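Structure at a glance
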Amino acid sequence: MSATLTSSPHPGVPVLKESGQREVFCGLTSIVWLHRRMPDAFFLVVGSRTCAHLIQSAAGVMIFAEPRFGTAILGERDLAGLADANEELDRLVAKLLERRPEIRTLFLVGSCPSEVIKLDLAKAAERLQQQHAGRVRVLNYSGSGIETTFTQGEDGALLAMVPLMPPAGDPAQADQLLLVGTLADGVEERLITLFERLGIPTVRSLPPRRSTELPPVGAGTRVLLAQPFLSATARALVDRGAELIAAPYPIGVEGSRAWMAAAAHAFGIAPAQIAAVLDPLVERGRQAVAPHREVLAGKRLFLLPDSQLEIPLARFLSRECGMELVEVGTPYLDRRLMAEELALLPAGTQLSEGQHLDNQLERVRASRPDLVVCGLGLANPLEAEGIATKWSIELVFSPIHGCDQAGDLAELFARSLRRRAALTFA
Ligand code: SF4
């Protein structure tokens, strides 16, 4: 465990780097939203009963529907090296594909146990791909807690798909805007309509809704990240010849406008056209945020690390809702992908990267913030200490992107404070 103060990513933004005990999800959790996005894909975790319990708890009632995820549980014989885990995996996959003929893409998802016993899932995916060629694609990525935190699981899944994306050789296909990162279906449709109105005719998404319909990539592809946690995927797309559009993330009115305007700018669309399409949205978004700003303005906010959405959220809550930032924690800070966001944070904002839970909780208690954004493991204990909290996981499962969602997003934070005020009998 350690804590060091590193040089700032831009003037006025010191970063406290910490390591130690952490209170975060592992990357397996991202299966919960990825399987909903691609209904023809199946996510097979190769892990332990702990991993199976985690997914069941995170997915809640979804486990009662026809599940598109499961766990191949490594038994004691596998862990002791007595059984050939590869043979068992092949048998299990054959059985799964026989029972579920609709599966088109199978993700083998690595976990802590599979990594610790050095089960080579990349090789297993290649072998299974040959066995089931023409029937299903088999991909591999790691969602283990040793390597990944929460939303980084999505980065791994998308990265695994990049090599399968066809080259954008055909000039008719080459000029496209590629939105990268899972968005709620309704939000994605709305954003694509807006891009078309701005004058960008070809907009595609990664991940696509059908896992087999991967968008092409190459020179002429301009990538706009819809989520901030996709560092490895962004790098891989750039390596395939795509160009990355620098922009803040589509959180809040200001961020969403800047995000869409950056894409329009990259396609050479005139500022007057951008303003004609976006300004009415901005106006409506601001009006929707206003009643929540009344509750939030002047309140002190502390964000614990969870999803890498913390910096864009902090930027929205400070600039558009008037909140004061006590500390903004993030599990991982990619300075390049976060540059536009950092430039919009108030000067002197305390950022922290990584976590040393006890030290961070001491800072929470000492600063007595009005609202703490944290995971479920900390929310009720902090409430019991008299500190208002907002569960961070809701921010990953709710449609929060775009100008149209800004009011609902502000409401998610204002609700905690309103409820607290309503329950206070003074
Ligand atoms: S992958 Fe690791 S951290 Fe995640 S549930 Fe399995 S054992 Fe736990």
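A brief structural summary. (Residues numbered from 1 in each chain as written. Predicted model: local features only at pLDDT ≥ 70, side-chain atom pairs only at ≥ 80, totals over all residues. Heavy atoms only, no water.)

1. A short note on the sheet that holds strand E10 (residues 243–244)
Counted only if it meets this: When DSSP locates at least two bridges between a pair of strands, those strands are taken to pair. The numbering of helices and of strands both runs from the N terminus, where a helix is a DSSP run of H or I of at least 4 residues and a strand a run of E of at least 2. The contact rule is simple, with two residues in contact once any of their heavy atoms fall within 4.5 Å. Each axis is a line fitted through C-alpha atoms, and for a helix only the stretch in contact is used; angles between axes span 0 to 180 degrees, taken between their N-to-C directions.
Strand order in this open sheet of four strands is E8-E7-E9-E10, and the pairing throughout is parallel. Edge positions in the open sheet fall to strand E8 (203–206) and E10, since each of these has one partner strand only. Two strands pair when backbone bridges link them, and strand E9 (residues 221–225) and E10 are joined in this way by two bridges, in the parallel orientation. Considered in E10, the bridge of Val223 is made with Leu244. Running over the sheet, helix H10 (residues 231–239) touches strand E7 (176–180), E8, E9 and E10 and is turned about 155 degrees from E7.

2. Some remarks on the environment of Pro14
Note the threshold: Burial classes: relative accessible area under 20% of the type maximum marks a residue as buried, over 50% as exposed, and values in between as partly exposed (1.4 Å probe, protein chains only).
Looking at the secondary structure, you find Pro14 in the loop between strand E1 (2–6) and strand E2 (15–19). Residue classification places Pro14 among the partly exposed residues on the basis of a relative accessible area of 27%. Pro14 sits 334 residues away from Gly348 along the chain, and the two C-alpha atoms are 6.9 Å apart.

3. Some words on the nonpolar core
Formally: As used here, the term nonpolar core means buried Ala, Val, Leu, Ile, Met, Phe, Trp, Tyr and Cys residues forming a set that is joined through side-chain atoms within 4.5 Å.
Counting residues in each nonpolar core, the largest one holds 106 residues, and the members touching the most others are Phe43, Phe107, Leu177, Phe195, Leu237, Met260 and Phe413. Listed in part, the 20 residues of the second largest apolar core include Leu96, Leu97, Leu106 and Val138.

4. Notes on the site of the ligand
Note the following rule: One heavy atom suffices: a residue is near a molecule or strand as soon as one of its heavy atoms comes within 4 Å of it. Charged means Asp, Glu, Lys or Arg here, nonpolar means Ala, Val, Leu, Ile, Met, Phe, Trp, Tyr, Cys or Pro, and polar covers whatever is left, Gly included.
Near the ligand the following residues occur: Cys26, Leu28, Cys51, Leu54, Ser111, Cys112, Pro113, Ser144 and Gly145. Mapped by element, the contributors of at least two residues to the shell around the ligand are helix H2 (49–59) and helix H5 (112–116). A class-by-class count of the residues in the shell around the ligand yields six nonpolar, three polar and no charged.

5. As for the packing of helix H7 (residues 152–161) against H10
What counts here: With respect to orientation, any angle under 35 degrees is reported as roughly parallel, any angle over 145 as roughly antiparallel, any angle of 65 to 115 as roughly perpendicular, and every other angle as oblique. By definition, any crossing whose near helix is turned counterclockwise from its far helix by less than a right angle is left-handed, and any crossing with a clockwise turn is right-handed.
As a packed pair, H7 and H10 sit with axes 7 Å apart at the nearest point and diverge in direction by 20 degrees. One finds that H7 runs roughly parallel with respect to H10. Here the hand of the crossing between H7 and H10 comes out left-handed. Across the interface between the two elements, Asp155, Leu158 and Leu159 of H7 pack against Ser231, Ala232, Thr233 and Ala236 of H10. Per-class residue counts for the contact of H7 with H10 are four nonpolar, two polar and one charged.

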